[in-house]
Amino acid sequence: MGLWQGEDHYLQIDSHHRFAAGWDAKLLANAALTACPKPILTTYCPQYTPGREIPLSPAPTQMTFDAFTEDGIVIFKPTIIPNWTHLTRPVRARFISGHFLFAPGSFVEEVPYNPDLYFIGEEITLAIRAYTHGYDLFHPSESLLWHEYSRAGRRKHWDDHIETERVELPWHRRDSQSREEVRRFLNDPQLGRYGCGSIRSFAEYTDYAGINFRDRKIQDYTWRGEEPPDPHPPVNWEDGVHLWDILIELKRRQLPDAAWMDAHFWYVGLHDASGREIYRHDLSGEELDRLLRGNAENLLIRRRFQSGLSPKTWTVWPVSQQQGWLDKITGPVPSTYTR
């Protein structure tokens, strides 16, 4: 933002990106298709790995709700936009990505970054502030950038901003103070330079996004990542949203050898009585590694989530690096695991 000198547009990205051909013209075209005076284009971009070819899949991504942190801050995850092949325009978004944000130049003056924020909470506060200042949030209808998420082997800010390096303020203290600033904002939003705008209210944003920050609940419509706002939100919808604590129990012998020897990831989903998926959180990364390293015959996978729908069945569906999708395993959800 310090580099802005009155230009018509403001583009914010991380350094570790790759661009589609014609990205600049496509950004302008997507912004024009919104037919809004103050559009913001943003998303968690698809992943790429340095040294490898950029993925050829044109599927555009969106930001969907992932979880509330222990201090009530909303964090997100990237998912593919449903029915993206039929898109003729950008889709409305709830959230803003710090690694890709394209906005009118006025954004720099109207929604300046809060210098007291460190990392977690930057994006949700920016989304609320932008929306209340009259900006409309969108995800592009095509993939324009790819982002390197891992940055494996690279030194991060929190690696060297520690007491032994004689820094002014260690990263964990910056983070703690920043999170408290975000928590105050979400629980008692105020107007101001680093607060909300006066074009829309904080309540209008929460209705639009389908989020209740006070009770830390979200609408099922929001959980499914459907385009906001919910056209038919139930009255007092928060009362129907419950916390589900599901423990999935498997026998090692139920799984084929490829699920262990050549695992890519395991799909883990919960479904309602009609078979509709109401929650998905795949087993991958460190969680999958821990399971693969164990020798126990009984395998336990725990999933905690919010939903206004009752999960009736669970599905575990391993994916092999070489063979792809293997046989799926399903089972009933005992009612004793709800609260």
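Residues numbered from 1 in each chain as written. Predicted model: local features only at pLDDT ≥ 70, side-chain atom pairs only at ≥ 80, totals over all residues. Heavy atoms only, no water.

### Considerations on the nonpolar core
Formed by 62 residues in total, the largest nonpolar core has its most connected members in Phe 107, Ile 124, Phe 213 and Trp 266. Among the elements that line this core, the one with the most residues is helix 3 (residues 122-132), at 6 residues. Setting aside anything within four residues of it in sequence, one finds Ile 124 in contact with Ile 73, Val 74, Phe 76, Phe 95, Leu 186, Tyr 205 and Phe 213. In this structure, Leu 27, Cys 36, Leu 144 and Leu 145 belong to the second largest nonpolar core, which totals 10 residues. (Core = buried A, V, L, I, M, F, W, Y, C linked by side-chain atoms within 4.5 Å. Buried < 20%, exposed > 50% of the residue type's maximum accessible area, 1.4 Å probe, protein only. Helix = DSSP H or I, 4+ residues; strand = E, 2+ residues; numbered from the N terminus. Contact = heavy atoms within 4.5 Å.)

### Let's talk about the pairing of strand 13 (residues 263-271)
The side chains of a regular strand alternate, residue by residue, between the two faces of the sheet. Taken across its 9 residues, strand 13 has 8 buried, putting it largely inside the fold. In this structure, strand 13 lies alongside strand 16 (residues 313-320), joined through 8 bridges in antiparallel fashion. Bridging from a neighbouring strand, Leu 270 pairs with Trp 314 of strand 16. Pairing analysis gives 3 bridges linking strand 13 to strand 14 (residues 277-280), with the strands arranged antiparallel. Bridge pairing links Leu 270 to Tyr 279 in strand 14. Between the end of strand 13 and the start of strand 14, which pair antiparallel, lie 5 residues, with Gly 275 showing a positive phi angle near 90°. (Pairing = 2+ DSSP bridges.)

### Some thoughts on helix 6 (residues 202-209)
Those residues of helix 6 that sit buried are Phe 202, Tyr 205, Thr 206, Tyr 208 and Ala 209. All buried residues of helix 6 lie within an arc of 160° about the axis, which places them on one face of the element. Where the residues of helix 6 are buried, they touch strand 6 (91-92), helix 3, strand 8 (136-139), helix 5 (171-187), strand 10 (211-212) and helix 7 (220-223). Gly 210, located one to two residues past helix 6, shows a positive phi value of around 75°. (Arc of directions from axis to C-beta.)

### With respect to the sheet that holds strand 1 (residues 9-13)
Pairing in this open sheet of 5 strands is mixed, and the strands run 1-7-3-8-6 from one edge to the other. The outermost strands of the open sheet, each flanked by one partner alone, are strand 1 and strand 6. As paired strands, strand 6 and strand 8 are joined by 2 bridges and run antiparallel to one another. Residue pairing across strands places Arg 92 opposite Phe 138, the latter belonging to strand 8.

### Quick look at unusual backbone geometry
Negative phi values dominate among residues other than glycine, just as trans dominates among peptide bonds. Looking along the chain, the bond that leaves Pro 228 and enters Pro 229 is cis, with omega of -10°. Its identity as a non-glycine residue notwithstanding, Arg 166 has a phi of 55°, on the positive side. By the secondary structure assignment, Arg 166 is in the loop between helix 4 (157-160) and helix 5. Given a relative accessible area of 79%, Arg 166 falls into the exposed group. Although it is not a glycine, Asn 236 sits at a positive phi angle of roughly 55°.

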